[in-house]
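Here are the chains, one letter per residue:
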Amino acid sequence: MRARLLALVLLLLLAGCSSGGTRDDGRITLRFQSLAWQEESVEANKALVKEWNATHPDVRVEYVQGTWDSVHDQLLTAFEGGEAPDIIHDASDDLADFAYGGYLADLTDLLPARLKSDIPQRSWATTTFGDGVYGVPFLQEPRVLIANAKWLRQSGVRIPTPEKPWSWAEFRRITEHLSGQGKYGIAWPLKEPVSATLNLSLSAGGQLFHRGADGKVTVRFQAADQVVPRTIHEQVGTDRSASPTTLGSGGSDTLPGFFGGRYAMVPLGFSYRQQIVQQAPKGFDWQVLPAPAGAGGLTQGVSPQTLSVAEDCPHKKEAAAFIDFLLRPPNMVRLAIGDWMLPTGTRALGDPALRTSEHGWATGTALAGHLRPAPAQTVRGYPEWKDKVATPALQEYYSGAIGLGELRERLEEDGNLVLARYQR
């Protein structure tokens, strides 16, 4: 009997430590699940939680370490089991099903005017579903070209800037010029090809997803949507200017070859600069260049990192107050530097620490005004469309297994069948 009582007490204590709520002493406890993974980012998040707790004795925040791996499934299980964290770190392209499913709180009336006005409307559009706002977009990451600066200088090619970027046609000519003798002008890491293709296609005027007057979304793979995938396909199969072996690789997998002089450039997310700083050989000269521009200029799609509040959270007002604290301009700068990404906040973007030329920060901030919601941002059923239709179709197209016509057929016909199930 005594052993049973002891086990019950331990169970209750563990439950009290793992779930938010109000304790017997009246103090509120909120769980904040962070997906920060880089050492600097984890330290910044934990430090801010500690600072909050030091100044808010009646509302304690517990830091919970999450992971980006399978976060959608993990959160879905937590929501359905009534065990979701109170404050949720995620990405905006993962929120649609949770928002429409009633798992996230509408923050429209909970957020202060300061935060609403500091973050541009184009960023708020990534977390707005119907008439509600279900997350605060706070970090964003453009795709850039990481280039071997010495290689480019010696080749004599024109170096692009945000003011005068390469066109997609010029980019293709330059990568061909840089190639030869077993070396490639570009290495496309396209293990996850969908977001890279769709987001960069905005620069060429692509849209892919079209919402009708009835609110339903259909896929139309039109000429503007084809510019980027066709460029990549021709670099690999026609020009031999893109390495075919990296198509199934992740971004980190290309870095050894990049450092070893096998590729002149690698298109990567802005945060990869941290890995380059840490891993590049001593004296390796690299620089950050803007991605090519087309009919849409430097526009590209992003899915910002977000902070949301669970609908089941009993203390939504206090959770929103913590988010406001976490995203005050100086704190947003700390989070951005920790993650090597760009803040969404206008005041934070103006901080001198993010305007320096060192490690390409200035190039990134120059691109911030061109970032728009990713094409699939509010499309219900996008995760299934991406995994079951778009990813295998694009992988086969880039490898040369299928042509442009079949790619279009699969994205449109197969894709619309998938999306239709979510729009009945």
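The following paragraphs examine the structure supplied in this document. (Residues numbered from 1 in each chain as written. Predicted model: local features only at pLDDT ≥ 70, side-chain atom pairs only at ≥ 80, totals over all residues. Heavy atoms only, no water.)

Description of the packing of helix 9 (residues 193–201) against helix 17 (residues 382–399)
Rule in force here: To get an axis, a line is fitted to the C-alpha atoms, and for a helix only the part in contact is used. The angle between two axes follows their N-to-C directions and goes from 0 to 180 degrees. In DSSP terms, a helix is any run of H or I states spanning at least four residues, a strand is any run of E spanning at least two, and both are numbered starting from the N terminus. An angle counts as roughly parallel when it lies under 35 degrees, as roughly antiparallel when it exceeds 145, as roughly perpendicular when it falls between 65 and 115, and as oblique in every other case. Residues count as neighbours in contact if any of their non-hydrogen atoms are within 4.5 Å of one another. Under the scheme applied here, ten amino acids are nonpolar (Ala, Val, Leu, Ile, Met, Phe, Trp, Tyr, Cys and Pro), four are charged (Asp, Glu, Lys and Arg), and all others, including Gly, are polar.
Where helix 9 contacts helix 17, the two axes come as close as 8 Å, and the packing angle between them is 85 degrees. Regarding the angle of helix 9 to helix 17, the classification is roughly perpendicular. Every residue of helix 17 that contacts helix 9 at Pro193, Val194, Ser195, Thr197 and Leu198 is listed here: Tyr382, Trp385, Lys386, Ala390, Thr391, Leu394, Gln395 and Tyr398. Looking at the contact of helix 9 with helix 17 residue by residue, the classes come out as 8 nonpolar, 4 polar and 1 charged.

Topic: empty space enclosed by the protein
Note the threshold: Computed over the protein atoms alone on a 1 Å grid, cavities are sets of points where a 1.4 Å probe fits but cannot get out and pockets are open sets with protein on both sides within 12 Å along at least five of seven lines; a residue lines them when it has an atom within 4 Å of a point. Grid points are joined across faces, edges and corners, and a volume is the space filled by probe spheres set on the points.
Enumeration according to the criterion identifies 5 cavities of 30 Å³ or more in this entry. The computed volume of the largest cavity comes to approximately 100 Å³.

Regarding the environment of Pro142
So the rule is basically this: The buried label applies to any residue whose accessible area, calculated with a 1.4 Å probe on protein chains only, is under 20% of its type's maximum; exposed applies above 50%, and partly exposed to all values in between.
The residue Pro142 is located in the loop between strand 7 (136–140) and strand 8 (143–148) in this model. On the basis of relative accessible area, Pro142 is assigned to the buried category, the value being 0%. Sequence-wise, Pro142 and Arg372 are 230 residues apart; in three dimensions their C-alpha atoms are separated by 9.9 Å. When sequence neighbours within four positions are dropped, the list of residues in contact with Pro142 reads Leu268, Gly269, Phe270, Gln300, Val302, Leu342, Leu367 and Leu371.

Some details on the sheet that holds strand 12 (residues 263–269)
Put simply, the test is: Here, strands pair whenever DSSP counts at least two bridges between them.
Pairing within the open sheet is mixed, and its 4 strands lie in the order 9-12-8-13. Sheet topology places strand 9 (184–186) and strand 13 (286–290) at the edges, where each strand pairs with a single neighbour. For this sheet the average axis-to-axis angle between neighbouring strands, irrespective of direction, equals 30 degrees. As paired strands, strand 8 and strand 13 are joined by 5 bridges and run antiparallel to one another. By the bridge assignment for strand 13, Ile146 is matched with Val288.

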